[in-house]
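# Results of the structural survey
In case you want the letters, here they are:
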Amino acid sequence: MLQRKQRLVQSLFVLLFFLLPALACNLPGQQATPESAQQALAESIAGTQTAAALEEAGTNELATAQAAASQTSQVVAGTQTAIAASRDESQLATATIVAPILAELPLYNVDATQGRAAWVHPPVRIELQGKNQIGYANDYMQTIVADFVMAADITWDTQYGTSGCGFMFRSDGDKNKPNQYMVLATRLGNGHIIFSALANGELANVHDFYPRSEDKSFSAENGSTNRLAVVGRGTLIEIYSNGVKVGEVDTTLPPAMPKLPPKPVMPTNQNDPKLMDHYRKLLQEYKELETQVNTNYNIALGNYKKTKAVFDKGFVAMIAASESGKTICEFNDAWLWLIEE
């Protein structure tokens, strides 16, 4: 059991630059409880966690989770679930709430007449302190998602560039050997967005994108805000930064050959200590990024040849991951749209 958990942790966090070995000891543990499946799903975000009640029943398959959550999912679609009822029972029925979503959907080439809002999320702040930490949030975990749009304004303050903020989606909720996708944005390399897939708990696909190549407004500075959006239609995953498409992944294809941004250029005035110090910092980050993407690629390619990572539905959540020190990810104006053709 311990070896299985260690393999999972290594696969999940290799894309965050070697956070791997110690993380297994820091992941929140899950213990089987007599709680209902619905309550367990609400409290245990799929990712590195899962529904404890499902494990107690001897199965972690999505079909079982979906059956257990189906009644709640219907409530989510209409009123943001019983969890949200105490805050605003009719939020999704209010045109004022839904209007901004309908206005934003055309940016992602999504027809607003073909689908519905699943939820609009209250502001979320995930704050991590220490080495190899992960945090997650979703008040409406019971929603099972197939084709979708998920978007949020993300404001970050990370001590290390390899720490990141983003989304987990189409997760089967298995805590030991999850099948799921993730999109994480980090500050490394002046902005780095990573799509990754876990198949049976192993990193089996990875694609690297550098948003500033398409989105000149993207900011990697601490305290800055970028709007991240992910659109999933069948096997095609599209990634948007501040309304600009910056990446596309066909999940049936193997990991992409590593790409890197331009290498930092040495200042013309090499006698200026500040300029040289800044250059050395950028060069060090570049080397870390180069190591990261090559390592991810080699691991993902090896696992991809053994098992394909193609998932059609599952759970979603907002996530934060930290290499070390303090990491803060704030999510505002977050919403989930279900595409239904």
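Rules used throughout
- Residues numbered from 1 in each chain as written.
- Predicted model: local features only at pLDDT ≥ 70, side-chain atom pairs only at ≥ 80, totals over all residues.
- Heavy atoms only, no water.
- Phe/Tyr/Trp six-rings, centres within 6.5 Å; stacked < 30°, edge-to-face > 60°.
- Helix = DSSP H or I, 4+ residues; strand = E, 2+ residues; numbered from the N terminus.
- Buried < 20%, exposed > 50% of the residue type's maximum accessible area, 1.4 Å probe, protein only.
- Lys NZ or Arg CZ within 6 Å of the ring centre and 35° of its normal.
- pLDDT = per-residue confidence, 0-100.
- Contact = heavy atoms within 4.5 Å.
- Disulfide = S-S within 2.5 Å.
- Core = buried A, V, L, I, M, F, W, Y, C linked by side-chain atoms within 4.5 Å.
- Pairing = 2+ DSSP bridges.
- Axes fitted to C-alpha atoms, helices over the stretch in contact; angles between N-to-C directions.
- Salt bridge = Lys/Arg side-chain N within 4 Å of Asp/Glu carboxyl O.
- Polar contact = N/O pair within 3.5 Å; in protein donor to acceptor, adjacent residues only side chain to side chain.

## Thoughts on the packing of aromatic side chains
Counted according to the given criterion, the structure contains 7 aromatic pairs. Ring geometry for Phe169 versus Tyr181: centroids 5.7 Å apart, planes at 50 degrees, classification tilted. Of this pair, Phe169 sits in strand S5 (residues 164–171) while Tyr181 is found in strand S6 (residues 180–186), placing the two residues 12 residues apart along the sequence. With relative accessibility at 0%, the residue Tyr181 sits in the buried group. An aromatic cluster is built from Phe148, Phe169, Tyr181, Phe195 and Phe311, whose rings are joined through pairwise contacts. Stacked on the ring of Tyr304, the Lys or Arg Lys308 has its end atom at 4.9 Å from the ring centre.

## Describing the confidence of the model for the chain
Across the chain, the average pLDDT comes to 76, with 72% of residues at 70 or higher. Confidence drops under pLDDT 50 across residues 64–89; counting only partners more than four residues distant or on other chains, this segment forms 48 contacts.

## Considerations on the state of the cysteines
The final tally for this structure, using the stated rule, is 1 disulfide. The residue that forms a disulfide with Cys165 is Cys329, at a sulfur-sulfur distance of 1.9 Å. Torsion about the S-S bond of the Cys165 and Cys329 cystine: about -75 degrees, corresponding to left-handed handedness. Of the two residues, Cys165 is situated in strand S5 and Cys329 in strand S13 (residues 326–339); the sequence distance between them amounts to 164 residues. The pair Cys165 / Cys329 is uniform in exposure class, with both members buried.

## Regarding the nonpolar core
By size, the foremost hydrophobic cluster in this structure holds 43 residues, and its most contacted members are Phe167, Phe169, Phe195, Phe331 and Leu336. In this structure, Phe195 is in contact with Phe169, Tyr181, Met182, Val183, Asn205, Val206, His207, Phe209, Ile237, Ile239, Val249 and Thr251, ignoring residues within four places of it in sequence. Counting residues in hydrophobic clusters, the runner-up holds 14 residues, among them Leu105, Val110, Val149 and Ala229.

## Let's talk about the sheet that holds strand S8 (residues 202–209)
Here 6 strands make up an open sheet; going across it, the order is S3-S12-S5-S6-S7-S8 and the pairing antiparallel. In this open sheet, the two edge strands, each paired with only one partner strand, are strand S3 (133–137) and S8. Strand after strand, the sheet turns through a mean of 25 degrees between neighbouring axes, direction not considered. As paired elements, S3 and strand S12 (residues 315–322) share 5 bridges and run antiparallel to each other. Within the sheet, the bridge partner assigned to Tyr136 lies in S12 and is Ile319. The sheet strands contacting helix H8 (residues 273–304) are strand S7 (192–199) and S8, and the helix crosses S8 at an angle near 135 degrees.

## Brief notes about the pattern of salt bridges
Scanning the entire structure with this criterion turns up 10 salt bridges. Close ionic contact of Glu330 with Arg125 constitutes a salt bridge, the shortest N to O distance being 2.5 Å. Taken as a pair, Glu330 in strand S13 and Arg125 in strand S2 (residues 124–129) lie far apart in primary sequence, 205 residues in all. Of the residues examined, Glu330 reaches a relative accessible area of 24% and is grouped as partly exposed.

## So, the environment of Ser163
For Ser163, the location among the structural elements is in the loop between strand S4 (148–158) and S5. A residue is classified by how much of its surface remains accessible, and Ser163, at 0% relative accessible area, is buried. As a C-alpha pair, Ser163 and Gly325 span 162 residues in sequence and 9.6 Å in three-dimensional space. What Ser163 contacts, discounting residues up to four positions off in sequence, is Thr158, Ala185, Thr186, Arg187, Ala321, Ser322, Glu323, Ser324 and Thr327. Here Thr327 takes part through its side chain, which lies 3.5 Å from a polar atom of the side chain of Ser163.

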